[in-house]
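# Survey of secondary and tertiary structure
The residues making up each chain are set out below.
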Amino acid sequence: MIGLSQRPGRKLACQQAVELVTGYLEGALPRAQRRRFEAHLTSCADCPEYLAQIRVIIALTGSITPGDLTSRMRDDLIGLYRRWRADEDQGIR
Amino acid sequence: MRLPALGTTAVSEDPDSALVGRLRAGDEQAFVELAEKYQGAMLSLARGYVPSIAVAEEAVQDAWLGVLRGIGRFEWRSSFRTWLFRIVVNRAVSAGIRERRTVPVDDMEPVVDASQFDAGGGWRVPPEPWTDAADDKVIAAKISARILTAMDDLPPRQREVVTLRDVQGLSSEEVCTVLDLSQANQRVLLHRGRSRLRQVVESEFGSIR
């Protein structure tokens, strides 16, 4: 994968920096690599926008509400619940 | 402060503790509320393992039955949702044709096309700036809607990780437990998935706004 062949101490190229974004956001980069990544951000005109875009994508993905329960599924599940309860109640008796 | 035992989630910290308590007390409405909260994510998760939506729905129904049967013995060793999603994956795997496969970590394509960089690895075609525009609520809603459809086109494993992490808000540890992934593989899938969504939004931003 791009970025992993990078020798320590050398400056990051943008092409390598974009591959480190998730590791950076996850707090998973080794310290030296994190420092190089952050140093790159302060000196690069475009990578901060890239990182900001990924952050916006994460935030907006988080605003998605998964599909509503359809009334058919809801009825099915209520039926499931009641059958289960009936079985349970019989078991208790 | 009393700390929870290792490997357990404090009941009071679990966002679902109240609903689970009511479900255990026999409250049907609590079951419906849990279904409203999780059915969408459960279906999306199951869909990655089975050949059709109909089979995914069956697997999810089966998972709910597993929840009802098991909730009395649930011990908060994980969060409720981790336990729930784990049941879904188990049911879907039994119902599905797809083997739980390992994730190829090598052989990964770059997340930004190589043609966007010059020979030195600097941007030749820098990212089109659009984050400022996304501050606008109307534009943000349009982007979210586009992300939702773009998620359907992600490879199943990437979609599952993005759904659990970024839509459902699970921690990386929880996602690894649910999907039986290593931290490194979880990260690779998240990286690919998020990057792909960014790419879609960027390439279509002119028509989205």
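From a predicted model like this one, the values you see are computed outputs, not experimental measurements. (Residues numbered from 1 in each chain as written. Chains lettered and ligands numbered in written order. Predicted model: local features only at pLDDT ≥ 70, side-chain atom pairs only at ≥ 80, totals over all residues.)

Looking now at the overall build of chain A. For chain A, the helix and strand inventory stands at four helices and zero strands. Evaluated residue by residue, chain A yields a buried proportion of 29% over its 93 residues. Restricting to contacts in chain A with at least 6 residues of sequence separation, those with at least 24 account for 33%. (Helix = DSSP H or I, 4+ residues; strand = E, 2+ residues; numbered from the N terminus. Buried ≥ 20, exposed ≤ 12 C-beta atoms within 10 Å, placed from the backbone. Contact = placed C-beta atoms within 7 Å.)

This brings us to the domain arrangement of chain B. Residues and elements named next belong to chain B. Domain boundaries in chain B define domain 1 (11-95) and domain 2 (114-208). Measuring from the centre of the C-alpha atoms in domain 1 to the corresponding centre in domain 2 gives 26 Å. Opposite the 11 residues of domain 1 that make contact, domain 2 presents 12 residues. Broken down by secondary-structure element, the contributors of at least two residues to the side of domain 1 that touches domain 2 are α2 (28-47) and α4 (80-95). (Domains from an automatic or database assignment.)

Moving on: the nonpolar core. All names here are of chain B. Formed by 72 residues in total, the largest nonpolar core has its most connected members in M42, A46, V60 and V88. At nine residues, α2 tops the list of elements feeding residues into this core. Formed jointly, this core draws a minimum of three residues from each of two domains, domain 1 (11-95) and domain 2 (114-208). Ignoring any residue separated from it by four or fewer positions in sequence, one finds M42 in contact with V60, A63 and V88. (Core = buried A, V, L, I, M, F, W, Y, C linked by C-beta atoms within 7 Å.)

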